[in-house]
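Observations on the model geometry
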Amino acid sequence: MKKLLYPICLLAMLTSVSCDKVKTALFPDFDLGLAEVDLTIPVITTTTAESEMGEHTVSLNLDSAIRANTKDEFNLDHVKSIKVKKVDLQLTNADQENNLANFEYAKVYIAAGAGNPVMVASYAIPDTYATSLSVEAESGELKDLLSNNQFTYSISGKARRTTSKTLDAHLLVTLRVE
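Residues numbered from 1 in each chain as written. Predicted model: local features only at pLDDT ≥ 70, side-chain atom pairs only at ≥ 80, totals over all residues. Heavy atoms only, no water.

Summing up its helical and strand segments, the protein chain has 3 helices and 9 strands in all. Reading the helices (α) and strands (β) of the protein chain from amino to carboxyl end gives α-β-β-β-α-β-β-β-β-α-β-β. Within the protein chain, the fraction of its 178 residues that count as buried is 39%. Counting contacts in the protein chain only where the partners sit at least 6 residues apart, residues at least 24 apart contribute 80% of the total. Total accessible area on the protein chain stands at roughly 10,000 Å², and carbon and sulfur atoms take up 53% of it. (Helix = DSSP H or I, 4+ residues; strand = E, 2+ residues; numbered from the N terminus. Buried < 20%, exposed > 50% of the residue type's maximum accessible area, 1.4 Å probe, protein only. Contact = heavy atoms within 4.5 Å. Areas by Shrake-Rupley, 256 points an atom, 1.4 Å probe, with all protein chains shown as cover.)

Here you go:
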């Protein structure tokens, strides 16, 4: 009887481990638009130093988002990697004197809790009138950071020319979930 019990227990253990590995191997990679946010960029009065351009805290249950995108077949435990794929920034009230050309560059950060912000995108902005820009980003691994249910987006940048009014910005970060 003991000889029969040992192989059955071993088979049961291997089956459960193998099922998790198979499930992870079958995980369908997908893109996920993280919470879209609206930011107000304050009037920028200096061109000599980098300026804070706004921040916004959002709540998102990433596990629920993964379940929703996989018809409830997978959850955060099956995810190998989460990285930023793309960042889109649009100014909704730009004009000829106040637009993206006012800035040399912009950086987008994500932070969770009291942790240090992680830069997920950096834009070099040409000196031509523009109200939106999009950058394909290749961030570091963010799975642990985004496992929290609340995180903060922030933008900073250096002005090429000062601005004379606040600028309303719409930010969308797209993640690659694998």
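Of all residues in the protein chain, 84% attain a pLDDT of 70 or more, and the chain-wide mean is 84. By mean pLDDT, helix H1 (residues 2–25) is the weakest element of the protein chain at 51, and strand S2 (residues 37–41) is the strongest at 94. (pLDDT = per-residue confidence, 0-100.)

What links the strands of a sheet is backbone hydrogen bonding, and the strands pair in either a parallel or an antiparallel sense. Taken in spatial order, the 4 strands of this open sheet run S3-S8-S5-S6, and their pairing is antiparallel. A single partner strand is all that each edge strand has here, and the edge strands are strand S3 (50–59) and strand S6 (118–124). Strand-to-strand twist in this sheet, taken as the mean axis angle between neighbours without regard to direction, amounts to 15 degrees. Strand direction decides the pairing type here: strand S5 (residues 103–112) and S6, joined by 6 bridges, are antiparallel. (Pairing = 2+ DSSP bridges. Axes fitted to C-alpha atoms, helices over the stretch in contact; angles between N-to-C directions.)

Right, let's get into the side chain of Ser51. Assignment of secondary structure puts Ser51 in strand S3. Dropping the residues within four chain positions of it, Ser51 is found in contact with Ile44, Thr46, Ile155, Ser156 and Gly157.

Turning our eyes to something else, we now look at a negative patch on the surface. On the surface, a cluster of negative charge is contributed by Asp29, Glu141, Asp144 and Glu178. Mapped onto the fold, Glu178 is located in the segment after strand S9 (167–177). (Patch = residues over 30% accessible without salt bridge, like charges linked within 9 Å, V, L, I, M, F, W, Y side chains within 5 Å. Salt bridge = Lys/Arg side-chain N within 4 Å of Asp/Glu carboxyl O. Lys, Arg positive; Asp, Glu negative; His and termini not counted. Charge placed at Lys NZ, Arg CZ, Asp CG, Glu CD.)

What follows covers helix H2 (residues 62–69). When we look at burial in H2, the residues that qualify are Leu62, Ala65 and Ile66. The buried residues of H2 occupy one face: seen down the axis, they fall within an arc of 100 degrees. Along its buried surface, H2 packs onto strand S1 (30–33), strand S4 (82–91) and helix H3 (143–146). Here H2 starts with a cap whose side-chain oxygen sits 3.1 Å from the backbone nitrogen of Asp63, and that cap is Asn61. Lys71 sits one or two residues past H2 and shows a positive phi near 55 degrees. (Arc of directions from axis to C-beta. Polar contact = N/O pair within 3.5 Å; in protein donor to acceptor, adjacent residues only side chain to side chain.)

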